[in-house]
Amino acid sequence: MNKETISQSIHRIDHIKKGNLFLQVEKPCLEIGMIEKGIMRGFVYDHDGNEVTTHFYQEHDMVIGSYIPNTNTTMSVQALEDCKISVANYSQVMNNVNKDREITEIITKQFQKLNHQLQARLVSLLNLNSVEKYALFLKEYPSLLNRIPHYYIANYLGITPTQLSRARKQFINKCK
């Protein structure tokens, strides 16, 4: 089977309605996706049962619930808009890494991107004030500001919606 046939044969297109889940925490991570259209968010529940947004996924982002196929997902992934997503069997994709150059390049690039975003988020949560967190969010996700509810942004940044509003005003004044 040639490269193009492998890449095309292992995926299908799914449509996920706004509000529906693509992956659910503690369920086996059997599928991997690449968003063609739409926005999704990853989230977990804290010890009080509150949702904590951990990640945003947008067009051309890979969506996974674990770095290891067939293990339980570490977070749920929900569509924030109606989404079109290319979905494949995660094990089958990983079996073709190092056998198919295109798949290897995509997986490597996407894992590097996810790792960078997760490291930036960790540093942000630990070391930055609300204005700096907001500025980093704008750098990491420049196209999301007007596409998702601001309470998800505040939740992702670890601040309240009121703190986000203040941070936005301070950021705008700082940029003038």
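An account of the accompanying structure is given in this report. The residue numbers shown here count from 1 along each chain, following its written sequence. Only residues with pLDDT of 70 or above have their local features reported here, since the model is predicted, and side-chain atom pairs are shown and tallied only from 80 upward, although totals for entire chains, interfaces and linings are computed over all residues. Here the side-chain values reflect all heavy atoms present in the structure, with hydrogen atoms and water set aside.

## Side note on the overall build of the protein chain
Elements are defined by DSSP. Helices are runs of H or I of four residues or more, strands are runs of E of two residues or more, and each kind is numbered from the N terminus. Across its full length, the protein chain carries six helices and eight strands. Traced from its N-terminal end to its C-terminal end, the protein chain shows the element sequence α-β-β-β-β-β-β-β-β-α-α-α-α-α. Taking 16 Å as the expected radius of gyration for a compact globule of 176 residues, we find that the protein chain reaches 17 Å, a close match to that expectation. Principal-axis analysis of the C-alpha atoms gives the protein chain an extent of 55 × 35 × 30 Å. The cut-offs for exposure are 20% and 50% of the maximum accessible area for each residue type, with area from a 1.4 Å probe on protein chains only; residues under the lower value are buried, those over the upper are exposed, and the others partly exposed. When each of the 176 residues of the protein chain is scored for burial, the buried share is 42%. Partitioning the intrachain contacts of the protein chain with sequence separation of at least 6 by distance along the chain shows that 70% fall at a separation of at least 24. As displayed, the protein chain has an accessible area near 10,000 Å², and 52% of this comes from carbon and sulfur atoms. Measuring between centres, the 21 positive side-chain charges of the protein chain sit 7 Å from its 17 negative side-chain charges. Computation of the radius of gyration draws on C-alpha atoms alone. For the globule rule, the value is 2.2 Å times the number of residues to the power 0.38. By the convention used here, residues are in contact when the closest approach between their heavy atoms is within 4.5 Å. For every accessible area listed, the method is Shrake-Rupley and the probe measures 1.4 Å; residues are considered covered only by the protein chains on display. Lys and Arg are tallied as positive, Asp and Glu as negative. Neither His nor the chain termini are counted. Every charge is mapped to an atom, namely NZ of Lys, CZ of Arg, CG of Asp or CD of Glu.

## Structural notes on the pattern of salt bridges
Salt bridges are defined as contacts in which a side-chain nitrogen from Lys or Arg sits within 4 Å of a carboxyl oxygen from Asp or Glu. For the coordinates displayed, the defined rule picks out eight salt bridges. With a shortest N-O distance of 3.1 Å, Asp14 and Arg12 are connected by a salt bridge. A residue is classified by how much of its surface remains accessible, and Arg12, at 39% relative accessible area, is partly exposed. Across the pair Glu81 and Arg147 runs a salt bridge, and its minimum N-O distance is 2.7 Å.

## Considering the sheet that holds strand 4 (residues 40–45)
As summarised here, the arrangement of the four strands in space is 2-7-4-5, forming an open sheet in which the pairing is antiparallel. Of all the strands in the sheet, the pair left with one neighbour each is strand 2 (21–23) and strand 5 (51–57). Across this sheet, the average inter-strand angle for adjacent strands is 35°, counted without regard to direction. Strand pairing follows a simple DSSP-based rule, namely that at least 2 bridges must link the two strands. With six bridges connecting them, strand 4 and strand 5 associate as antiparallel partners. Across the sheet, residue Arg41 finds its bridge partner in strand 5, namely Phe56. Lines are fitted to the C-alpha atoms to define the axes, a helix being fitted only along its stretch in contact, and any angle between axes, read from their N-to-C directions, falls within 0 to 180 degrees.

## Observations regarding the packing of helix 5 (residues 150–157) against helix 6 (residues 161–175)
Running from N to C, helix 5 and helix 6 cross one another at 95°; their axes reach a closest spacing of 9 Å. Judged by the angle between their axes, helix 5 and helix 6 are roughly perpendicular. Side by side, helix 5 and helix 6 meet where His150, Tyr151, Ile153, Ala154 and Leu157 of the first sit next to Pro161, Leu164 and Arg168 of the second. Classification used: nonpolar for Ala, Val, Leu, Ile, Met, Phe, Trp, Tyr, Cys and Pro, charged for Asp, Glu, Lys and Arg, polar for all others including Gly. A class-by-class count of the residues in the contact of helix 5 with helix 6 yields six nonpolar, one polar and one charged. Any angle that falls under 35 degrees is termed roughly parallel, while one over 145 is termed roughly antiparallel, one within 65 to 115 roughly perpendicular, and all others oblique.

## Quick notes on the sheet that holds strand 1 (residues 11–16)
Taken in spatial order, the four strands make up an open sheet running 1-8-3-6, and their pairing is antiparallel. Each edge of the sheet is formed by a strand with only one pairing partner; in this case those strands are strand 1 and strand 6 (62–63). Bridge count between strand 1 and strand 8 (residues 83–89): six bridges; the pairing is antiparallel. Bridging from a neighbouring strand, Ile16 pairs with Cys83 of strand 8.

## Here's the deal with the environment of Ile16
With respect to the secondary-structure elements, Ile16 resides in strand 1. Given the relative accessible area of 10%, Ile16 is considered buried. Non-local contacts of Ile16, meaning those with residues more than four positions away in its chain, are made with Phe22, Met40, Ala79, Glu81, Asp82, Cys83 and Ile85.

The analysis is restricted to geometry; functional conclusions fall outside its scope.
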